[in-house]
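A look at the structure
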Amino acid sequence: MSPNADTDAETGAGADADAVIAELSGLVFELTGRLRAQFNAAAAELGLPPAQALVLTNLSGPAPMRQLADWLSCEPSNVTGIVDGLERRGLVTRRPAPGDRRLKHVVLTEAGERKRRQLCSSAHELARTFFELPGSDQQHLRDLLARVLTGPPASTDAESG
């Protein structure tokens, strides 16, 4: 028996916990894969490649190209082509950043805002099918996921001693 057997049992540490973590990880990856596939299908229905659709859904106000690269988890040089495509479609425009004319901000046009609303609405309706749970279960799942994303609370010296 480990010296921390009581703690292990309370926290679920050990082989059983590892199996649960592996299963949770697999479930989250499967869910995100399905949500991404549905998002991509919604984007395709609107004639948008997935990367352009991601920019539209994340662009709620003027944003520098670097921020778009962060959202897309790609190099800033890749964003240029994506924004060029959106610009050709009349969905975004580039404007000088206030305070630094060397920087360009990407801004939605009126057509871009309409397309963004359509895409968000369509993606939301598709996502709704994954979360058809009683309201309290939806809220509990939301709270748990939010807690996972914010990370564990910082430990204090008293806890670690």
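Overview of the structure. (Residues numbered from 1 in each chain as written. Predicted model: local features only at pLDDT ≥ 70, side-chain atom pairs only at ≥ 80, totals over all residues. Heavy atoms only, no water.)

Take the overall build of the chain next. When you go through the chain residue by residue, the secondary structure sums to eight helices and three strands. The 161 residues of the chain split such that 22% are buried. Sequence separation of at least 24 residues holds for 49% of the intrachain contacts in the chain that already meet a minimum separation of 6. Here the chain has roughly 11300 Å² of accessible surface; of this, 55% comes from carbon and sulfur atoms. (Helix = DSSP H or I, 4+ residues; strand = E, 2+ residues; numbered from the N terminus. Buried < 20%, exposed > 50% of the residue type's maximum accessible area, 1.4 Å probe, protein only. Contact = heavy atoms within 4.5 Å. Areas by Shrake-Rupley, 256 points an atom, 1.4 Å probe, with all protein chains shown as cover.)

Now for helix α4 (residues 65-72). Along α4, the positions that sit buried rather than exposed are M65, L68, A69 and L72. One side of α4 carries all its buried residues, which in axial view fall inside an arc of 100°. Among the exposed residues of α4, those pointing more than 90 degrees away from its buried face are R66 and D70. Looking at the packing, one finds that the buried side of α4 touches α3 (50-58), β1 (63-64), α5 (76-88), β2 (92-97) and β3 (100-108). Just beyond α4, the residue with positive phi is S73, at close to 55°. (Arc of directions from axis to C-beta.)

What follows is about a nonpolar patch on the surface. Together, V20, I21 and L24 make up an exposed nonpolar region whose accessible area comes to about 280 Å². Considering the arrangement of structural elements, one finds L24 in helix α2 (residues 15-45). Under the relative-accessibility criterion, L24 is labelled partly exposed at 46%. (Patch = residues over 30% accessible without salt bridge, like charges linked within 9 Å, V, L, I, M, F, W, Y side chains within 5 Å. Salt bridge = Lys/Arg side-chain N within 4 Å of Asp/Glu carboxyl O.)

On to the nonpolar core, then. Nonpolar side chains in soluble globular proteins tend to end up buried together. Counting 24 residues, the largest nonpolar core has L48, L59, L68, L86, V92 and L119 as its most contacted members. L119 has contacts with F39, A42, A43, L46, L48, A53 and T57, leaving out every residue within four places of it along the chain. (Core = buried A, V, L, I, M, F, W, Y, C linked by side-chain atoms within 4.5 Å.)

By way of backbone hydrogen bonds, the strands of a sheet pair with one another, either parallel or antiparallel. Spatial ordering of the open sheet is given by β1-β3-β2, a layout of three strands whose pairing is antiparallel. Here the strands that pair on one side only, and so sit at the sheet edges, are β1 and β2. Where β1 lies against β3, two bridges are found, and the strand directions are antiparallel. Bridging from a neighbouring strand, A63 pairs with V106 of β3. (Pairing = 2+ DSSP bridges.)

Keep in mind that these numbers describe shape and distance, not what the molecule does.
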